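Listed here are the chains, written in short residue letters.
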Amino acid sequence: MRVAVIGVGHVGLVTAACLARWGHQVIGMDDDPDKIATLRSGGVPFHEPGLAELVNEGRSQGRLRFTDDVDDALADVAVAFVCVGTPSLPGGAPNLSFVERVGQAAANHATGDLVLVEKSTVPANTGVRLTQVIVREQARNGSSVSIDVASNPEFLREGQAVHDTLHPDRVVVGTDSERAAAALRDVYAPLLERHDCPYLRTDLVTAELIKHASNAFLATRISFINAIARICDQVGADVAVVAEGMGHDHRIGAHFLRAGLGYGGSCFPKDVDAFIHLSRSLGYDFRLLEEVRRVNDAMREHILEILRAELWHLEGKTVTLLGAAFKPGTDDLRNAPALWLAERLLAEGSHVRVYDPVALVHLKTCLPDVECVDDPLAACRDAHAAVVCTEWDQVTALRGQQLAAALAYPIVIDGRNVFDPETMRAAGVHYHAIGRPATKATLRRP
Ligand code: UDX
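Just so it is clear, the model here is predicted, and its values are computed rather than measured. (Residues numbered from 1 in each chain as written. Predicted model: local features only at pLDDT ≥ 70, side-chain atom pairs only at ≥ 80, totals over all residues. Heavy atoms only, no water.)

Q: Kindly report on the sheet that holds strand β1 (residues 2–6), identifying the contributing residues and their values.
A: The sheet built from 8 strands is open, its strands ordered β3-β2-β1-β4-β5-β6-β7-β8 with mixed pairing. The sheet is open, and its two edges are formed by β3 (64–67) and β8 (199–202), each paired on a single side. Neighbour to neighbour, the strand axes of the sheet diverge by 25° on average, direction disregarded. Contacting β1, β4 (79–82), β5 (114–118) and β6 (147–151), helix α5 (residues 97–109) runs over the sheet at an angle of about 175° to β5. (Pairing = 2+ DSSP bridges. Helix = DSSP H or I, 4+ residues; strand = E, 2+ residues; numbered from the N terminus. Axes fitted to C-alpha atoms, helices over the stretch in contact; angles between N-to-C directions. Contact = heavy atoms within 4.5 Å.)

Next up, the structure:
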């Protein structure tokens, strides 16, 4: 099928490359000429394992091309995926103006019947508004092409985006149009021939809500285990063992129960804010989700509290952050805990050093006052404390003796619980983790 992907960022470019892998004729469109130039020259504008190979496979087979022209993108395609950004506005609502612009462009430039598919995460009822925009634009321009809207949310994780798209747990399609449903069935037929997974067909608003509810629930799991970790700190229990004990229950499962600095990234923080905002606008006060957000924010403050307790004054001290990206496998700094910590430490007069294997080039742009170091031990040299922010392999490979020898003060705050407490302390490190005791402690009296 001839398919357009509007917006070739983390979601759109992966979607476009995978659609080409499935044999479709794909055109990727973006209004950022630099991004299009990079793609046309064989580059990929961000770090995502396996993506460059897949993009270049599609391009060399003549199945994937890029344009910055919306007419070019929407000319005689049957399906157009909307993969534009929906960044948070002040107050938490998502900025859906880029989605609206795609609806207007489709109404004014589609040359034939089109299925317009929401792939970006959008709040419930966005599809209704998108349809309204299209109807109004077509009433104005007299266009008679049929444009049906559908929701087909992405469930990809950065760092594993190609894998997650080629091997989804499920495909969700929400639409009230049988034509759109049939078109999307054809889009996914090559995938379903290769990969067995549930294909869930529902209505538009239900599909939109599946996406928001999924991300909100994953964020809830993280804040839940982080709240348990705070209790573990008080009673001397080990949150990693608590999580393991919980995870053996098949109704709970072992995934997404890693305590630490909490969630960052371009999705969970934005989607939790958007869901809270949407719920409030619908007259439901989603306090559970507000508490998920509060717990997550508190994990970052908790690290600062430990640093203040250890260092007395943060002013004039050198603090090393091991890892900057919001998680390993990506160079994405959006809502990264390390960024938040760096900003707060700089504001309190600390000298901040950061190590990261792939994200430093972006860090220099957004935090020029930070000292970027491309070796983890060199970044610790003569620092007064080190904080593990991202569990890169290069960080988890560090040994207690190396850290104690490099640091001016042997203080390590393990924000991702990657080291063994006993080994660290045996190496002379003042070691702090999240919900993990140094040694087996008895229940402390309150
Ligand atoms: C997430 C969802 O997983 C994905 O399905 C959705 O499509 C987009 O949002 P992503 O944000 O890329 O994907 O990364 P993910 O692996 O989910 O991690 C999100 C954040 O949670 C990271 O900061 C990670 O460090 C943190 N996390 C994850 C934890 O703190 N503990 C965990 O157990 C798991």
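Still more to cover.
Q: Break down unusual backbone geometry for me, with residues and values.
A: Here the phi dihedral of aspartate 76 falls at roughly 35°; this positive angle occurs in a residue that is not glycine. With respect to the helices, strands and loops of the structure, aspartate 76 is situated in the loop between α4 (70–74) and β4. Even without glycine at this site, phenylalanine 256 takes up a positive phi of about 60°. By secondary structure assignment, the location of phenylalanine 256 is in the loop between α10 (239–247) and α11 (268–281).

Q: Give a description of the nonpolar core that names residues and reports values.
A: Judged by nonpolar contacts, the single largest core of 62 residues is most densely connected at Leu307, Leu321, Leu363 and Val387. A total of 6 residues in this core trace back to one element, the largest contributor, which is helix α12 (residues 287–311). For leucine 363, the contacting residues outside a window of four places in its chain are Ala324, Leu333, Leu339, Val354, Pro368, Val370 and Cys372. One finds Val5, Phe66, Ala183 and Tyr199 within the second-largest nonpolar core, a separate group that totals 41 residues. (Core = buried A, V, L, I, M, F, W, Y, C linked by side-chain atoms within 4.5 Å. Buried < 20%, exposed > 50% of the residue type's maximum accessible area, 1.4 Å probe, protein only.)

Q: Quick one: what's the story with empty space enclosed by the protein, residue by residue and with numbers?
A: Enumeration over the complete set of coordinates arrives at 1 cavity of 30 Å³ or more. There is about 40 Å³ of room inside the largest cavity. Taken together, Glu118, Lys119, Ser120, Thr121, Val122, Ser151, Pro153, Glu208 and Lys211 form the lining of the largest cavity. (1 Å grid on protein atoms, 1.4 Å probe; cavity = no way out; pocket = protein on both sides within 12 Å on 5 of 7 lines; lining within 4 Å. Points joined across faces, edges and corners; volume = space filled by probe spheres on them.)

Q: Outline the site of the ligand, listing residues and values.
A: Inspection of the region around the ligand gives 19 residues, with Leu156, Glu158, Lys211, Arg258 and Lys327 positioned closest. The separation between an oxygen atom of the ligand and a polar main-chain atom of phenylalanine 155 is 3.4 Å. Protein contact buries 95% of the 660 Å² of open area that the ligand shows by itself. Counting residues per element, the shell around the ligand draws most heavily on helix α9 (residues 204–235), which supplies 3 residues. (Near = heavy atom within 4 Å. Polar contact = N/O pair within 3.5 Å; in protein donor to acceptor, adjacent residues only side chain to side chain. Areas by Shrake-Rupley, 256 points an atom, 1.4 Å probe, with all protein chains shown as cover.)

Q: Break down the confidence of the model for the protein chain for me, with residues and values.
A: Parts of the prediction with low pLDDT should not have their coordinates interpreted in detail. When pLDDT is averaged along the protein chain, the result is 96, and 98% of the positions lie at 70 or above. Between residues 440–446, whose pLDDT stays under 50, and residues either more than four places distant or in other chains, the model counts 6 contacts. (pLDDT = per-residue confidence, 0-100.)

Q: Help me get a handle on the layout of surface pockets, residues and values and all.
A: By volume, the second largest pocket is sized at about 400 Å³. Contributing to the lining of the second largest pocket are 19 residues, with Leu96, Pro123, Asn125, Thr126 and Arg129 lying nearest its centre. Those elements giving two or more residues to the lining of the second largest pocket turn out to be α5, α6 (126–141) and α11. Ranked by residue count, the leading element in the lining of the second largest pocket is α6, at 6 residues. Grouping the constituent residues of the lining of the second largest pocket by class yields 10 nonpolar, 6 polar and 3 charged. (Nonpolar A, V, L, I, M, F, W, Y, C, P; charged D, E, K, R; others polar.)

Q: Describe the sheet that holds strand β11 (residues 371–373), naming the residues involved and giving the relevant values.
A: To summarise the sheet geometry, strands pair through backbone hydrogen bonds and adopt either a parallel or an antiparallel arrangement. On the basis of which strands lie adjacent, the open sheet formed by 6 strands has the order β11-β10-β9-β12-β13-β14 and parallel pairing. Two strands close off the open sheet at either side, each with one partner strand: β11 and β14 (430–432). Here the strands of the sheet are splayed against their neighbours by 20° on average, with no regard to which way each runs. The pairing of strand β13 (residues 411–414) with β14 spans 3 bridges and is classified as parallel. Following the sheet pairing, valine 412 is matched in β14 by tyrosine 431. Its contacts with the sheet put helix α13 (residues 337–347) on β9 (318–322), β10 (351–355) and β12 (385–388), and the angle it makes with β9 is roughly 175°.

Q: So what's going on with the environment of aspartate 356? Which residues, and what values?
A: Tracing the backbone through its elements, the reader meets aspartate 356 in the loop between β10 and α14 (360–366). Residue classification places aspartate 356 among the buried residues on the basis of a relative accessible area of 2%. Sequence separation between aspartate 356 and phenylalanine 224 is 132 residues, and the spatial gap between their C-alpha atoms is 28 Å. In this view, aspartate 356 contacts Gly323, Ala324, Ala325, Val373 and Trp392; residues no more than four positions away in its chain are not counted. A distance of 2.8 Å separates the side chain of aspartate 356 from the backbone nitrogen of alanine 324, its partner in a polar contact. A polar contact is formed between the side chain of aspartate 356 and the backbone nitrogen of alanine 359, at a distance of 2.8 Å.

Q: How would you explain the environment of asparagine 335 if you had to name every residue and give the values?
A: Mapping asparagine 335 onto the fold places it in the loop between β9 and α13. The exposure class of asparagine 335 is partly exposed, given its relative accessible area of 41%. Among all residues touching asparagine 335, those that are not within four sequence positions of it are Gly264, Gly265, Ser266, Pro269 and Arg300. Within the local environment of asparagine 335, its side chain forms a polar contact with the backbone oxygen of glycine 265, the two atoms lying 2.9 Å apart.

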